[in-house]
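Listed below are the residues making up each chain.
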Amino acid sequence: MTTTTPTPPNPLAKRPSTLKAASLPRWSPAAVALGSAAVAIGIGAGAGLDSRIQWGLIAALLFLAGSYVLAVTVEGARQARDRLATSLVWVMFLLAVVPLASLIYETVKRGIKVFDGYFLTHSMGVVTDEETGGGIYHAIIGTLEQVLLASVIAVPIGLLTAVYLVEYGRGKLAKTVTFFVDVMTGIPSIVAGLFVLSFWILILGFKPSGWAGAMALAILMMPVIVRSTEEMLKLVPNELREASLALGVPKWRTILKVVLPTAIGGITTGVMLSVARIAGETAPVLLLVWVNPVINTNPFEGSQGSLPLYIYQQYAAGTDASINRAWAAALALIGFIMILNMAARGVARWKAPKTGR
């Protein structure tokens, strides 16, 4: 009779885990959100709250409290704190998105009434602010020329300043430049307009023109471009610079062929942010460009129209026709900024260095 020796258990064998804790299903956040919204609507209607904003804030508070209590009951305090942080992030995201979506919806709803081909291809000409008709062709030309001239001034200066601060800047001069860039970031637009007004018009004796407005807008653009470009250049790994320099490439060529192409996406975004800022400025245009209801394609002579000032002027008139034109011009301004951003993203993707093999 043979006896078999039992095989000892393998200590490395996989054993079933006994540490799996209870967890909420994936649909629980959506269910809590719907329940919070329903309860908030009931509270708002019962308490006589007319503002939908108050209903939304009540729903957000109920959602945070409900998510935390439910997670504590089922998953424990540690996981509940994680879910509370996640819920808070979602609530903050919605608080940021809802006003933006509401603004776009309201602008489209009111501006679409007169937004057509005629509105885009005609100026105010002989049409008064109280009458129907007219368009924004003169304002579109003025805004495009002023923003283009301001970009021609500000973008090269801003890019070169940022390259100096990151690649070459050392000592007191770099600190002084950084200090003044930070100061310029907080300058109100009216101050930039007053500076150009006092120097260009009152001292030198030139007349109001689109060029004068473009100089004030360039002052507002420069610090945004410098700061955004500086941060993007700092994100470029030093290993790329060192590899290029080790191959004998001069520093200026390394910056031009390696550093700037690597950071082109962020640089383009910064430029578009600066363009978006100046495209809606009214104070410098009012001081330096003035108002012109007819078409003027020469930015160096005579006053011009612009979309921000056109919106202000039409809304201030107070008639139904002028208010409709103001909303339609606001819609055109939003579309202008959106087109610029889409074009910038396309250029950034086209010029960005290719990755992979």
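Residues numbered from 1 in each chain as written. Predicted model: local features only at pLDDT ≥ 70, side-chain atom pairs only at ≥ 80, totals over all residues. Heavy atoms only, no water.

### Remarks on the pattern of salt bridges
Taken as a whole and judged by the stated rule, the model has seven salt bridges. Taking the shortest distance from any N to any O, the salt bridge between Arg227 and Glu230 comes out at 2.9 Å. Taken together, the positions of Arg227 and Glu230, both in helix α8 (residues 210-234) and three residues apart, correspond to about one turn of that helix. Given the relative accessible area of 26%, Arg227 is considered partly exposed. (Salt bridge = Lys/Arg side-chain N within 4 Å of Asp/Glu carboxyl O. Helix = DSSP H or I, 4+ residues; strand = E, 2+ residues; numbered from the N terminus. Buried < 20%, exposed > 50% of the residue type's maximum accessible area, 1.4 Å probe, protein only.)

### Some words on the packing of helix α5 (residues 137-168) against helix α10 (residues 251-262)
At a minimum axis distance of 12 Å, the contact between α5 and α10 shows a crossing angle of 110°. Classified by the angle their axes make, α5 and α10 are roughly perpendicular. Every pair of crossing elements has a handedness; the one defined by α5 and α10 is right-handed. Mapping the contact onto sequence places Val163, Glu167 and Tyr168 in α5 and Lys251, Trp252, Ile255, Val259 and Leu260 in α10. Looking at the contact of α5 with α10 residue by residue, the classes come out as six nonpolar, no polar and two charged. (Axes fitted to C-alpha atoms, helices over the stretch in contact; angles between N-to-C directions. Parallel < 35°, antiparallel > 145°, perpendicular 65-115°, else oblique. Left-handed = near helix turned anticlockwise from the far one by under 90°. Contact = heavy atoms within 4.5 Å. Nonpolar A, V, L, I, M, F, W, Y, C, P; charged D, E, K, R; others polar.)

### Quick notes on empty space enclosed by the protein
On inspection of all chains with the given rule, the structure shows two cavities of 30 Å³ or more. When its volume is computed, the largest cavity comes out at roughly 50 Å³. Taken together, His138, Ala139, Val291, Asn292, Gly305, Ser306, Leu309, Tyr310 and Gln313 make up the full set of residues lining the largest cavity. Of all the secondary structure elements, the ones that give two or more residues to the lining of the largest cavity are α5 and α13 (307-317). A per-element tally of the lining of the largest cavity places α13 first, with three residues. In terms of residue class, the lining of the largest cavity is made up of four nonpolar, five polar and no charged. Approximately 50 Å³ is the volume attributed to the second largest cavity. Looking at the second largest cavity, the residues that line it are Thr143, Gln146, Val147, Leu217, Ile278, Ala279, Glu281, Val285, Ser306 and Pro308. Sorting the residues of the lining of the second largest cavity by element identifies α5 and α11 (264-279) as the ones contributing at least two each. (1 Å grid on protein atoms, 1.4 Å probe; cavity = no way out; pocket = protein on both sides within 12 Å on 5 of 7 lines; lining within 4 Å. Points joined across faces, edges and corners; volume = space filled by probe spheres on them.)

### Considering the domain arrangement of the chain
According to the domain assignment, the chain contains domain 1 (27-111) and domain 2 (136-351). Computed over C-alpha atoms only, the centres of domain 1 and domain 2 are separated by 38 Å. Listed as interface residues are five residues of domain 1 and, on the opposing side, five residues of domain 2. For the domain 1 and domain 2 pair, buried surface summed over both sides reaches about 550 Å², with 79% attributable to carbon and sulfur atoms. Among the residues domain 1 hides against domain 2, the three largest losses belong to Thr107, Arg110 and Gly111. Together they make up 74% of the total. Here domain 1 and domain 2 share zero residue pairs in polar contact (both at pLDDT 80 or more) between them. (Domains from an automatic or database assignment. Buried area = accessible area lost by both parts, 1.4 Å probe. Polar contact = N/O pair within 3.5 Å; in protein donor to acceptor, adjacent residues only side chain to side chain.)

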